[in-house]
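Working through the structure, step by step
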Amino acid sequence: MTFEDKVIYQIYPKSFYDSNNDGLGDLQGIIAKIPYLKQLNIDMIWFNPFFISPQNDNGYDISDYYHIDPKFGTMADFDELVAKLKSVGIDVMMDMVFNHTSTEHEWFQKALKGDPKYMAYYYIRDAKPDSSLPTNWDSKFGGPAWEAFGNTGKYYLHLYDPTQADLDWHNPAVRKEMAKIVNFWRNKGVKGFRFDVINVIGKDVDLLDAPYGTDSRLMYTDKKIVHQYLQELNESSFGQDPDAVTVGEMSSTSIDNCIEYTLGKNNELSMVFTFHHLKVDYTHGNKWTTMPFDFMSLKNILNDWQLGMTAGHGWNALFWNNHDQPRAINRFGDPVHYREKSAEMLATTIHLLRGTPFIYMGEEIGMSDPQYQHLSDYNDIETKNIYPTLLAKGLSKTEALDIIQAKSRDNSRTPMQWDNSEYAGFSTEKPWLMPMNQSIVNVQNELVHGEIFNYYQQLIKLRKTLPIVSVGDYQPLLMDDTQVFAYLRTLKNQRLIVLNNFYGTTTTITLPAFTGEISTVINNYPTDIKLETTITLAPYQSVAFLID
Ligand code: NOJ
């Protein structure tokens with residue numbers, strides 16, 4: 001399986017489909033929906049973690065990497081899922097959370113009891129001579145990155161929640177454990193692996209304070225040694241499988257590093273998730289603010305990554321949505337006035353770029369943020385932590401809730417909307433998060449009356465049938481235009497021109513003259529459109545022309 005012409009779908013198992021009516025999605029629920037997944041014609045599914053976990057961070061706090069959490073099902077269910085997906089040509093991608101374990105993991109528990117073998121699995125450090133914390137680093141979920149290690153007087157490092165203790169990858173025994181886990185799942189027929197925050201696994205041996213006024217992320221992100229660890233993991237596990245597809249989640253990374261992570265000859269990863277393009281609606285880089293997205297900066301970032309990764313022969317995963325992001329349609333589209341057109345425009349922008357597209361469940365039917373009215377409607381640990389912080393900064397309760405409505409990770413974690421019933425056909429019991437607009441947006445309705453799902457099918461087909469989409473080069477077009485993101489893909493003498501109007505108003509653009517045999521390969525409006533030097537695009541219109 002090469003990955004250039006593949007499309008990967010992401011399922012948040014807790015929210016996909018509840019087969020046993022306990023309000024939580026499960027593996028049998030996913031099995032029940034295989035015909036739907038097949039209909040979309042995706043090649044692989046990335047599942048968010050369903051290993052044993054106290055679920056403080058919804059499964060990103062793993063206490064046992066070798067078993068399925070009973071909330072989601074059994075190992076027999078998992079085997080059935082892999083086999084049934086395989087029988088319809090869909091492979092499985094598992095989520096490997098290797099930067100940290102849950103503090104309930106046996107290793108951490110043994111460490112707490114003083115077992116030196118397992119203490120060496122984690123970053124356990126003394127306080128500074130002045131009794132302050134070992135370093136001045138911040139946790140990404142708020143507060144300091146250190147927590148008391150039992151009553152030993154020492155501290156352990158947690159870049160995320162205090163219940164997620166960072167593993168010390170300098171220890172060869174830790175690296176061996178990680179390869180063993182990957183190999184266990186490979187033996188079960190798993191072909192894909194997504195590595196959670198993998199570019200922060202390479203801390204220094206001596207952990208130092210971030211210099212005054214600098215961001216502590218610089219102290220542990222993209223350290224050179226990560227490349228060595230990935231090469232080693234590749235060699236001892238997934239690299240032995242020519243069909244393996246791997247994606248590393250890269251936090252605050254750079255193009256140069258991502259080229260290195262994905263360059264074929266380096267034997268590290270197939271592709272990377274990067275997030276710069278999803279920070280264009282952060283005021284001064286701060287997620288917990290609201291502002292309209294900066295279109296020019298979005299364009300420039302996408303363009304820089306496309307050019308940079310093409311030049312360096314690296315490979316990007318392409319995505320707008322995932323379980324950590326509010327729905328892109330709320331951020332960059334218009335879910336109220338142009339739900340279908342803006343959903344299709346966003347999909348076109350990503351799917352025709354160079355890289356491997358990921359579709360996050362519900363995106364293909366135009367699902368949007370739930371806009372909950374009360375803090376108690378939310379579940380996410382990050383959301384719960386940020387609320388008091390926002391109040392402490394002087395924001396009113398209403399202001400804080402407005403920001404949470406726009407930015408909470410729960411925005412994308414709401415149940416998949418299958419029909420218009422009380423719980424959206426997800427469950428007969430009250431779900432762990434409530435669906436919101438299922439009377440309008442649901443699969444049943446979409447498949448009969450909608451156009452977004454069908455449009456995604458067309459985009460997926462284009463990637464599979466036109467090599468220019470999967471392997472063509474990228475070139476920018478109309479970089480100064482403040483409304484349209486346009487680009488050119490090239491392959492030998494062929495060209496593909498892609499035009500995307502990012503706003504709800506009509507716009508006219510001027511293009512260079514192109515000669516050759518021209519065909520329209522996709523257009524989200526039924527009206528005919530011709531490739532001429534002057535083209536008028538309707539609100540949120542996307543169109544692509546192939547020139548032979
Ligand atoms: C990234 C995951 O996508 C996110 O959901 C999680 O909270 C952090 N990594 C920590 O594992």
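Keep in mind that what you see is a predicted model, and the values were worked out from it rather than measured. (Residues numbered from 1 in each chain as written. Predicted model: local features only at pLDDT ≥ 70, side-chain atom pairs only at ≥ 80, totals over all residues. Heavy atoms only, no water.)

A word on the site of the ligand
Of all residues adjacent to the ligand, which total 13 residues, the nearest are Asp57, His100, Asp196, His323 and Asp324. Side-chain polar atom of histidine 100 to an oxygen atom of the ligand: 3.0 Å apart, as the coordinates give it. Here an oxygen atom of the ligand and a side-chain polar atom of aspartate 324 are 2.5 Å apart. Considering the ligand on its own, with 300 Å² of exposed area, one finds that the protein chains cover 97% of that surface. When grouped by side-chain class, the residues that make up the shell around the ligand number 4 nonpolar, 2 polar and 7 charged. (Near = heavy atom within 4 Å. Polar contact = N/O pair within 3.5 Å; in protein donor to acceptor, adjacent residues only side chain to side chain. Areas by Shrake-Rupley, 256 points an atom, 1.4 Å probe, with all protein chains shown as cover. Nonpolar A, V, L, I, M, F, W, Y, C, P; charged D, E, K, R; others polar.)

So, the sheet that holds strand 2 (residues 44-47)
Pairing within the open sheet is parallel, and its 8 strands lie in the order 13-12-11-5-2-1-15-14. Here the strands that pair on one side only, and so sit at the sheet edges, are strand 13 (271-273) and strand 14 (317-318). Helix 3 (residues 75-87) contacts strand 2 and strand 5 (91-96) of the sheet and is inclined by roughly 135 degrees relative to strand 5. (Pairing = 2+ DSSP bridges. Helix = DSSP H or I, 4+ residues; strand = E, 2+ residues; numbered from the N terminus. Contact = heavy atoms within 4.5 Å. Axes fitted to C-alpha atoms, helices over the stretch in contact; angles between N-to-C directions.)

Section: the environment of threonine 283
Looking at the secondary structure, you find threonine 283 in the loop between strand 13 and helix 9 (295-312). Since its relative accessible area comes to 25%, threonine 283 is described here as partly exposed. Along the chain, threonine 283 and isoleucine 34 lie 249 residues apart, while their C-alpha atoms are 41 Å from each other. (Buried < 20%, exposed > 50% of the residue type's maximum accessible area, 1.4 Å probe, protein only.)

Some remarks on unusual backbone geometry
Here the phi dihedral of serine 131 falls at roughly 75 degrees; this positive angle occurs in a residue that is not glycine. Among the secondary structure elements, serine 131 is positioned in the loop between strand 7 (124-125) and strand 8 (146-148). Take serine 131: its relative accessible area is 56%, and that puts it in the exposed class. Of note, glutamine 371 is a non-glycine position whose phi angle comes to about 55 degrees, a positive value.

Topic: the packing of helix 7 (residues 225-236) against helix 8 (residues 255-262)
In the contact formed by helix 7 and helix 8, the axes pass within 10 Å of each other and the chain directions differ by 20 degrees. The angle between helix 7 and helix 8 places the two elements in the roughly parallel class. Here the hand of the crossing between helix 7 and helix 8 comes out right-handed. Residues Val226, His227 and Leu230 of helix 7 touch helix 8, and the partners they reach there are Asn257, Glu260 and Tyr261. Of the residues assigned to the contact of helix 7 with helix 8, the class counts are 3 nonpolar, 2 polar and 1 charged. (Parallel < 35°, antiparallel > 145°, perpendicular 65-115°, else oblique. Left-handed = near helix turned anticlockwise from the far one by under 90°.)

A short note on the sheet that holds strand 8
Sheet architecture is open: 3 strands sit in the order 7-9-8, paired in antiparallel fashion. Strands with a single pairing partner mark the edges of an open sheet, and in this sheet they are strand 7 and strand 8.

Some points on helix 12 (residues 381-392)
For helix 12, with 12 residues, the first-to-last C-alpha span of 18 Å sits near the 16 Å given by 1.5 Å per residue. Where helix 12 is buried, its residues contact helix 13 (397-407). Downstream of helix 12 by one or two residues, glycine 394 has phi in the positive range, about 105 degrees. (Expected span 1.5 Å × (residues − 1).)

Quick notes on the domain arrangement of the chain
Taken domain by domain, the chain holds domain 1 (8-98 + 175-457), domain 2 (106-166) and domain 3 (470-547). The C-alpha centroid of domain 2 is placed 27 Å from the C-alpha centroid of domain 1. Between domain 1 and domain 2, the contact holds 28 residues from the first and 21 residues from the second. For the pair domain 1 and domain 2, the two sides together bury roughly 1900 Å², of which 53% comes from carbon and sulfur. Summed over the shared surface of domain 1 and domain 2, the result is 2 salt bridges. For the interface between domain 1 and domain 2, the tally reads 13 residue pairs in polar contact (both at pLDDT 80 or more). Mapped by element, the contributors of at least two residues to the side of domain 1 that touches domain 2 are helix 6 (172-186) and helix 12. (Domains from an automatic or database assignment. Buried area = accessible area lost by both parts, 1.4 Å probe. Salt bridge = Lys/Arg side-chain N within 4 Å of Asp/Glu carboxyl O.)

So, helix 9
Taking 1.5 Å of rise per residue, the 18 residues of helix 9 would be expected to cover 26 Å, and the 26 Å separating its terminal C-alpha atoms lies within 8% of that figure. Along helix 9, the positions that sit buried rather than exposed are Phe295, Leu298, Lys299, Leu302, Asn303, Trp305, Gln306, Gly308, Met309, Thr310 and Gly312. Next to the buried residues of helix 9 lie helix 8, strand 13, strand 14, strand 16 (473-477) and strand 17 (484-491). The backbone nitrogen of methionine 296 lies 3.3 Å from a side-chain oxygen of the residue at the head of helix 9, namely aspartate 294. Histidine 313 occupies a position one or two residues after helix 9 and carries a positive phi of about 60 degrees.

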